Amino acid sequence: MEKRELIYEGKAKRVYSTDDENLVVIEYKDDATAFDGKKKGTIESKGIVNNRVTSVLFKILEDNGIPTHLVKLLDGRNMLAKKLSIIPVEVVVRNRIAGSLATRLGLEEGAPLPNPILEFYYKSDELHDPMVNEYHILTMGWATPEQLAEMKEMALKINSVLVPFLRERNLELVDFKLEFGVHQGKVILGDEISPDTCRLWDVQTGEKLDKDRFRRDLGKEREAYIEVLQRMEGGSLNV
Ligand code: UDP
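These numbers come from a predicted model, not from an experiment. (Residues numbered from 1 in each chain as written. Predicted model: local features only at pLDDT ≥ 70, side-chain atom pairs only at ≥ 80, totals over all residues. Heavy atoms only, no water.)

## Structural notes on the pairing of strand S6 (residues 70-75)
Thinking step 1. As judged from the four bridges shared by S6 and strand S7 (residues 78-82), these two strands associate in the antiparallel manner. Bridging across to S7, Leu73 finds its partner in Met79.
Thinking step 2. Two successive antiparallel strands, S6 and S7, enclose a turn made up of two residues. (Pairing = 2+ DSSP bridges. Helix = DSSP H or I, 4+ residues; strand = E, 2+ residues; numbered from the N terminus.)

Structure, rendered in structure tokens:
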């Protein structure tokens, strides 16, 4: 499937139309941003890692009955995906205290949570993605009650599939962000699940193998991203 016109360019991805009005090509870039775009940089090969990690994880999710926008991996940086009308709500799932939850509640990072926590954020760059609750989502009409119920159920199911899959690969899934969209009337998982959108800690050492290396200037970002892909795909890699 050939790329036609650029229809959207975000911080980490470009989306192109194709000959088929129901399908798009998503191209993953190496550009990295953090803190609302205030910190900018490049992590060499990040686009390749995120495209391939997302493809592996979305395939596992599909095999477990969760519909995603993935059609197929095209090459290193490109995937063919179903065109979505994105629901403007980011869903965060947390298994341990970290990041903004630690800051907001004045807690130390690291402790496991007895149950996963779901959080919702309104997707708006100008407003810096404010946290919202279910009343906001329904009252503002960002999702219907049925769509919201499906997003919640799918988010928890995705967590229960990914936690053991990643733990077998020696990765602790601390937290992650999901985006959903509507395709032909159905809510499906969109966007990506990658080291850009997850916190992944080495199970033994607790080493951070995700975007926190960039956010917190920990160094070795590229090595961490490639390590994640290697654990996901196994074998030697050509990136
Ligand atoms: N996250 C994301 N995009 C965002 C905000 C958060 O992918 O715009 C991910 C982030 O990588 C982490 C989880 O969602 O895995 C929870 O992020 P948190 O609320 O702790 O915010 P942060 O401190 O990472 O900005």
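## Some remarks on the sheet that holds strand S3 (residues 23-28)
Thinking step 1. Spatially, five strands are ordered S1-S2-S3-S7-S6 in an open sheet, and the strand pairing comes out antiparallel. The two strands at the open ends of the sheet, each matched to only one other strand, are strand S1 (6-9) and S6. Mean inter-strand twist for the sheet, computed between neighbouring axes without regard to direction, equals 25°.
Thinking step 2. Relative to S3, strand S2 (residues 13-17) is paired through five bridges, and the arrangement is antiparallel. Bridge assignment links Arg14 to a residue of S3, and that residue is Glu27.
Thinking step 3. Across the sheet, helix H1 (residues 46-63) is in contact with S3, S6 and S7; its angle to S6 comes to roughly 145°. (Axes fitted to C-alpha atoms, helices over the stretch in contact; angles between N-to-C directions. Contact = heavy atoms within 4.5 Å.)

## Quick look at H1
Thinking step 1. Along its 18 residues, H1 runs 26 Å from first to last C-alpha, staying within 8% of the 26 Å computed at 1.5 Å per residue.
Thinking step 2. The element H1 is largely enclosed, with a buried count of 15 among its 18 residues.
Thinking step 3. Where H1 terminates, the next one or two residues include Gly65, which has phi positive at roughly 85°. (Expected span 1.5 Å × (residues − 1). Buried < 20%, exposed > 50% of the residue type's maximum accessible area, 1.4 Å probe, protein only.)

## Things to note about the packing of aromatic side chains
Thinking step 1. If you walk through the whole model with that rule in mind, you get one aromatic pair.
Thinking step 2. Plain terms: the ring middles of Tyr122 and Trp142 are 4.0 Å apart, the flat faces sit at 10° to each other, and that makes the pair stacked. Taken as a pair, Tyr122 in strand S9 (residues 112-122) and Trp142 in the loop between helix H3 (134-139) and helix H4 (145-167) lie far apart in primary sequence, 20 residues in all.
Thinking step 3. Residue placement shows Lys39 over the ring face of Phe214; its charged tip is 4.8 Å from the ring centre. (Phe/Tyr/Trp six-rings, centres within 6.5 Å; stacked < 30°, edge-to-face > 60°. Lys NZ or Arg CZ within 6 Å of the ring centre and 35° of its normal.)

## Remarks on H4
Residues that lie three or four places apart on an α-helix share one face, since the helix turns once every 3.6 residues.
Thinking step 1. Its 23 residues place the ends of H4 33 Å apart at the C-alpha level, agreeing with the 33 Å of an ideal helix rising 1.5 Å per residue.
Thinking step 2. Within H4 the residues assigned to the buried category are Gln147, Leu148, Met151, Met154, Ala155, Ile158, Asn159, Val161, Leu162, Val163, Phe165 and Leu166.

## Topic: the pattern of salt bridges
A pair can form between side chains of opposite charge whenever their charged atoms are brought close.
Thinking step 1. Using the criterion set out here, one finds 34 salt bridges in the structure.
Thinking step 2. Glu9 is the partner of Arg14 in a salt bridge, and the nearest nitrogen-oxygen pair spans 3.2 Å.
Thinking step 3. Glu9 sits in the partly exposed class, given a relative accessible area of 41%.
Thinking step 4. One salt bridge in this structure joins Arg167 and Glu172, with 3.4 Å as the shortest N-O distance.
Thinking step 5. A relative accessible area of 43% means that Arg167 is categorised as partly exposed. (Salt bridge = Lys/Arg side-chain N within 4 Å of Asp/Glu carboxyl O.)

## Comments concerning the packing of H1 against helix H6 (residues 221-233)
Thinking step 1. Contact pair H1 / H6: the axes reach a minimum separation of 9 Å and the direction vectors enclose 30°. Judged by the inter-axis angle, H1 sits roughly parallel to H6. In terms of crossing hand, the pair formed by H1 and H6 is left-handed. Contacts from Lys46, Val49, Asn50, Arg52, Val53, Val56 and Leu57 in H1 reach Tyr225, Ile226, Val228, Leu229, Met232 and Glu233 in H6.
Thinking step 2. Taken together, the residues that form the contact of H1 with H6 break down as nine nonpolar, one polar and three charged. (Parallel < 35°, antiparallel > 145°, perpendicular 65-115°, else oblique. Left-handed = near helix turned anticlockwise from the far one by under 90°. Nonpolar A, V, L, I, M, F, W, Y, C, P; charged D, E, K, R; others polar.)

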